[in-house]
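So the chains spell out like this:
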Amino acid sequence: MKKRDSGRGNRVGLSSLGFTTVLIVLLALLVFSILASITFGNADLSVKEVYSVVAYELLHIRKFSDFAEGAVHDVVWIIRFPRVILALCVGMGLAVCGVVMQAVVKNPLADPYILGISSGASLGATIGVLFGFGALFGANSVGVMAFLGAMGTSFLVLFIANIGGRSNAGKLILAGMAVSSVCSAIGNFAIYIVNNKNATTEIMFWTMGSLAGAKWQRVAVLLPVILIGTLIFWSQFRNLNLMLLGDEASITLGTDLHRARNLYMILSSLMVGFAVYAAGTIGFVGLIIPHAVRMIFGTDHRRLVPLCALVGAIFLIWADVGCRVILKNSEMPIGILVSIIGAPCFIYLMVRRSYGFGGGRG
Amino acid sequence: MKIKTEDIRLAYGADAILKGVSMEAGNREFVGLIGPNGSGKSTLLKCVYRVLSPDDGAVFLDGKSLKEMNYKASARSMGVVAQHNYYNFDFSVREVVLMGRSPHKKALERDNAEDYAIVAEALEKVGMADFAARSFSTLSGGEQQRVILARALAQQTPCLILDEPTNHLDITHQLQLLKIVKQLDVTVISAIHDLNIAAMFCDRLYVLKNGEIVAEGTPREVLTRELIREIYEVESDIVEDSKGNMHILFY
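Thresholds, definitions, all that
Residues numbered from 1 in each chain as written. Chains lettered and ligands numbered in written order. Predicted model: local features only at pLDDT ≥ 70, side-chain atom pairs only at ≥ 80, totals over all residues. Heavy atoms only, no water. Helix = DSSP H or I, 4+ residues; strand = E, 2+ residues; numbered from the N terminus. Rg over C-alpha atoms; globule rule 2.2 N^0.38 Å. Buried < 20%, exposed > 50% of the residue type's maximum accessible area, 1.4 Å probe, protein only. Contact = heavy atoms within 4.5 Å. Salt bridge = Lys/Arg side-chain N within 4 Å of Asp/Glu carboxyl O. pLDDT = per-residue confidence, 0-100. Axes fitted to C-alpha atoms, helices over the stretch in contact; angles between N-to-C directions. Parallel < 35°, antiparallel > 145°, perpendicular 65-115°, else oblique. Left-handed = near helix turned anticlockwise from the far one by under 90°. Nonpolar A, V, L, I, M, F, W, Y, C, P; charged D, E, K, R; others polar. Phe/Tyr/Trp six-rings, centres within 6.5 Å; stacked < 30°, edge-to-face > 60°. Pairing = 2+ DSSP bridges. Polar contact = N/O pair within 3.5 Å; in protein donor to acceptor, adjacent residues only side chain to side chain. Expected span 1.5 Å × (residues − 1). Patch = residues over 30% accessible without salt bridge, like charges linked within 9 Å, V, L, I, M, F, W, Y side chains within 5 Å. Areas by Shrake-Rupley, 256 points an atom, 1.4 Å probe, with all protein chains shown as cover.

Asks: Whenever I open this one, the overall build of chain B confuses me. Can you help?
Replies: In terms of helices and strands, chain B carries 9 helices and 12 strands. Against the globule reference of 18 Å for 251 residues, chain B gives a C-alpha radius of gyration of 19 Å, in line with a compact fold. Its C-alpha atoms put chain B at 55 × 45 × 35 Å along the principal axes. Within chain B, the proportion of its 251 residues that are buried is 56%. At a minimum sequence separation of 6, the contacts of chain B that also span at least 24 residues come to 63%.

Below is the structure:
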């Protein structure tokens with residue numbers, strides 16, 4: 001047997017004890033992030049005021065009943081708190097769907113929007129803004145249109161990839177790209193023809209993503225969808241692992257992944273569709289969080305899924321804090337901030353750890 | 001366990017790849033499949049391990065048609081070591097081998113201590129126990145192939161299908177891998193390129209040419225100067241060494 005340089009060892013993975021510890025630490029960090037992040041914002045509130053409101057709303061402690069209403073209560077409970085929970089949901093959803101999509105199409109460059117979801121959502125939003133379609137959907141009609149666009153394109157991509165035999169990773173990626181570019185073309189054409197400056201600005205803000213529109217009603221819908229979706233994907237760790245080995249190896253290991261693949265994509269589209277409905281398209285989170293977590297904790301999905309869910313949630317909560325704090329009296333679009341923070345962190349990890357991306361050796 | 005194929009036919013469009021192939025491997029028999037490139041060896045094996053479904057004909061495991069078995073059941077009967085095992089993501093060696101336990105698992109079942117013991121034993125058998133925590137992608141080709149063999153062993157199947165498992169391996173690792181397989185004493189069907197290696201390990205050989213079986217028998221019966229000339233269009237000599245093992249020399 002060949003002797004090997006032990007420095008090239010590159011061990012991956014965690015012992016199960018280490019995994020449990022990391023999970024608990026991240027959970028604690030998530031709770032801390034939620035509580036800490038609501039103290040940041042443009043309105044000048046003391047930490048004591050903020051927690052008095054939270055204590056009243058969550059625990060109904062009589063002593064804090066002074067904070068049951070009024071400006072302070074509204075800022076904390078109506079504006080900030082749902083926004084933090086929204087960040088949690090969107091971050092968790094995008095990170096988990098990123099992991100799943102990378103497994104489904106067996107490609108490390110995949111992200112949650114790979115099935116043309118972002119272009120579909122943009123097209124839906126564009127139509128909503130320009131033509132006022134969807135006004136019947138109420139206050140967030142643009143979000144509803146985006147959701148419909150997202151779901152429409154992902155089903156179209158799935159359908160196309162399944163024409164003429166079973167879908168596979170290559171067909172899905174290509175169908176996603178094709179449908180994506182058709183959607184962007186139609187969207188751009190509409191913007192070009194209508195030539196409405198205000199509408200164009202609105203669409204641009206929307207495509208950069210924002211958590212500012214958070215409301216309890218929306219969070220109440222989104223939170224269960226994301227949590228249940230995450231748990232379902234966690235339970236599917238075995239199939240997700242097998243997907244990375246490819247269809248042929250999976251069959252020899254007793255699993256035909258064809259049906260699972262389609263089901264995962266539908267569930268993932270649903271989760272991303274809801275995230276898009278509530279916050280627009282936020283890029284990069286669904287791509288970098290899975291890679292960052294994989295670099296540190298390995299590829300095994302029984303760990304990857306829950307760890308990504310927590311790291312994604314924490315990351316987006318703090319990114320949103322950054323958006324509120326960095327510019328005085330104004331907000332930075334979260335998509336921009338995520339890329340600015342995320343990309344350098346990502347490059348650092350990439351350079352520091354040996355990591356096999358598109359294959360090749362680590 | 002006995003594996004039998006009956007009149008397997010498969011065509012890609014107008015090109016018939018397999019033209020009615022019937023072969024069988026008896027219980028604990030090591031059967032080799034030889035033949036030139038493009039003769040249909042891999043295609044035949046893919047029909048056996050269900051990645052391809054034949055246009056006509058059937059594969060039987062102990063008399064039971066594969067079509068009547070679900071994928072989990074067939075994966076509990078045969079393990080497969082194929083040619084290409086190249087992954088875009090970094091799994092650890094242990095994780096790769098652990099996947100061999102999936103056919104024994106229900107949808108939400110977790111891996112238990114027994115599974116880990118089986119994995120450790122499989123890695124031990126292929127001499128890769130020290131590599132359990134290593135990243136699969138950092139291993140050499142020979143090491144990777146041994147890990148894939150360990151994965152097939154972890155399936156604990158009475159049959160193994162090997163599709164040119166020793167391609168790209170140096171001679172040390174070719175011999176090492178096939179010796180491990182031979183010692184398992186299970187039913188084996190293996191496509192093999194190297195005729196000397198085939199002669200060394202196989203109880204019986206089938207010779208495929210243009211999608212048809214043109215000869216079968218023990219290596220001594222099959223590997224003659226005439227047959228090698230006919231199939232491979234090269235001249236050769238068959239010699240016997242002092243231990244009575246046969247060797248083929250090519251010119």
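More follows now that the structure is in view.
Asks: Quick question: what am I supposed to make of the pattern of salt bridges here?
Replies: Side chains that carry opposite charge are capable of pairing whenever their charged atoms lie near each other. Enumeration according to the criterion identifies 22 salt bridges over all chains in this entry. Residues R83 of chain A and E331 of chain A are paired through a salt bridge, measuring 2.6 Å at the closest nitrogen-oxygen approach. Here the residue R83 of chain A occupies a position in helix 3 (residues 71–104), and E331 of chain A occupies one in the loop between helix 13 (301–326) and helix 14 (334–352), the gap between them amounting to 248 residues. The partner of K41 of chain B in a salt bridge is E164 of chain B, with the nearest N and O atoms 3.7 Å apart. Placement of the pair is K41 of chain B in helix 1 (residues 41–48) and E164 of chain B in the loop between strand 7 (159–163) and helix 6 (171–184), with a sequence separation of 123 residues. Each member of the pair, K41 of chain B as well as E164 of chain B, carries the same accessibility label: buried. Among the charged side chains, a network of salt bridges with common partners joins R83, D320, R324 and E331 of chain A.

Asks: What should I look at first to understand the confidence of the model for chain A in this one?
Replies: It should be kept in mind that the predicted coordinates are not to be read in detail where pLDDT is low. Here chain A averages 84 in pLDDT, while 91% of its residues score no lower than 70. This stretch, residues 1–11 of chain A, has a pLDDT under 50; its non-local contacts, to residues over four places away or in other chains, come to 22 contacts.

Asks: Looking at this structure, I do not really get the packing of helix 9 (residues 237–245) of chain A against helix 11 (residues 258–279) of chain A. What am I missing?
Replies: For any two helices packed against each other, one specifies the crossing angle of their axes together with the interaxial distance. Residues and elements named next belong to chain A. For the pair helix 9 and helix 11, interaxial distance at closest approach is 11 Å and the crossing angle is 110 degrees. As summarised for this structure, helix 9 and helix 11 are arranged roughly perpendicular, according to the angle between their axes. Handedness of the crossing formed by helix 9 with helix 11: left-handed. Counting all contacts with helix 9, which are made through N239, L240 and M243, the residues of helix 11 involved are A260, R261 and Y264. Its residues placed into classes, the contact of helix 9 with helix 11 shows 4 nonpolar, 1 polar and 1 charged.

Asks: How should unusual backbone geometry be read in this particular structure?
Replies: Peptide bonds are, in most cases, trans, and in most cases residues other than glycine have a negative phi. Residues and elements named next belong to chain B. Although it is not a glycine, E164 adopts a positive phi angle of roughly 45 degrees. Judged by its relative accessible area of 7%, E164 is buried. At D185, a position not held by glycine, the phi torsion is positive, near 60 degrees. By the secondary structure assignment, D185 is in the loop between helix 6 and strand 8 (187–191).

Asks: Help me understand the packing of aromatic side chains in this model?
Replies: Geometrically, a pair of aromatic rings is defined through the distance of the ring centres and the angle of the planes. Residue and element names in this part refer to chain A. All chains considered together, the criterion is met by 6 aromatic pairs over all chains. When the centroid spacing of 5.1 Å and the interplanar angle of 40 degrees are considered together, the rings of W77 and W216 count as tilted. In this pair, W77 sits in helix 3 while W216 sits in helix 8 (residues 216–235), placing the two residues 139 residues apart along the sequence. Given a relative accessible area of 13%, W77 falls into the buried group. W216 sits in the partly exposed class, given a relative accessible area of 28%. Between F233 and Y264 the ring centres are 5.7 Å apart and the planes differ by 90 degrees, which places this aromatic pair in the edge-to-face class. On the criterion of sequence distance, the pair formed by F233 in helix 8 and Y264 in helix 11 is long-range, its members being 31 residues apart. Comparing F233 with Y264 shows no difference in burial state: the two are buried. An aromatic cluster is defined as three or more aromatic residues linked by ring pairs; in this entry it consists of W77, F81 and W216.

Asks: Can you walk me through the packing of helix 4 (residues 117–131) of chain A against helix 7 (residues 197–208) of chain A in this structure?
Replies: Residue and element names in this part refer to chain A. Running from N to C, helix 4 and helix 7 cross one another at 150 degrees; their axes reach a closest spacing of 10 Å. Classed by the angle they form, the pair helix 4 and helix 7 counts as roughly antiparallel. The two elements helix 4 and helix 7 cross, and the hand of that crossing is right-handed. Of the residues in helix 7, those touching helix 4 at A121, S122, A125, T126, V129 and L130 are A199, E202, I203, W206 and T207. Residue composition of the contact of helix 4 with helix 7, by class: 7 nonpolar, 3 polar and 1 charged.

Asks: Could you clarify how one ought to interpret the sheet that holds strand 3 (residues 30–34) of chain B in this entry?
Replies: Sheet strands pair via backbone hydrogen bonds, and the direction of the pair is either parallel or antiparallel. Residue and element names in this part refer to chain B. With mixed pairing, the 6 strands of this open sheet are ordered in space as 6-7-8-3-9-10. Both edges of this open sheet fall to strand 6 (78–81) and strand 10 (212–217), since each of them pairs with a single strand only. The sheet shows a mean angle of 15 degrees between the axes of neighbouring strands, direction not considered. Pairing of strand 9 (residues 204–209) with strand 10 involves 5 bridges; the strand directions are antiparallel. Within strand 10, the residue paired with Y206 across the bridge is E216. Packing of helix 6 onto the sheet brings it into contact with strand 3, strand 7 and strand 8, and relative to strand 7 it is tilted by some 160 degrees. Docked against the sheet, helix 9 (residues 225–232) engages strand 3, strand 9 and strand 10, running at close to 35 degrees with respect to strand 9.

Asks: Just to check I follow, could you spell out the side chain of S135 of chain B for this structure?
Replies: Residues and elements named next belong to chain B. Within the fold, S135 resides in the loop between helix 4 (113–125) and helix 5 (141–154). Owing to a relative accessible area of 0%, S135 belongs among the buried residues under this scheme. Among the polar contacts made by the side chain of S135, one reaches the side chain of D90 at a distance of 3.5 Å.

Asks: Would you mind showing me how to read helix 8 of chain A here?
Replies: Given 3.6 residues to a turn, an α-helix orients residues that are three or four positions apart in the same direction. Residue and element names in this part refer to chain A. Taking 1.5 Å per residue, 20 residues should reach 28 Å; helix 8 reaches 29 Å between its end C-alpha atoms and fits that length. Within the span of helix 8, buried status applies to R218, V219, L222, I226, G229, T230 and F233. Lining the buried residues of helix 8 we find helix 3, helix 9, helix 11 and helix 13.

Asks: I tried to follow the pairing of strand 4 (residues 56–61) of chain B on my own but got confused; where do I start?
Replies: Note on strand geometry: in a regular strand, side chains alternate between the two faces of the sheet. Residue and element names in this part refer to chain B. Within strand 4, 5 of the 6 residues are buried, leaving the element largely enclosed by the surrounding structure. With 5 bridges connecting them, strand 1 (residues 3–12) and strand 4 associate as antiparallel partners. Residue pairing in the sheet places I3 in a bridge with L61 of strand 4. As defined by bridge partners, strand 4 adjoins strand 5 (residues 64–65) across 2 bridges and the pair is classed as antiparallel. The residue of strand 5 that forms the bridge with L61 is K64. Once strand 4 ends, the chain turns through 2 residues before running back antiparallel as strand 5, passing D62 with a positive phi of about 50 degrees.

Asks: How should I be thinking about a nonpolar patch on the surface in this particular structure?
Replies: Taken together, the side chains of L29, F32, F40, W318 and V325 of chain A define a hydrophobic patch exposed on the protein surface, amounting to about 440 Å² of accessible area. If you list the elements that add at least two residues to the nonpolar patch, you get helix 1 (16–37) and helix 13 of chain A.

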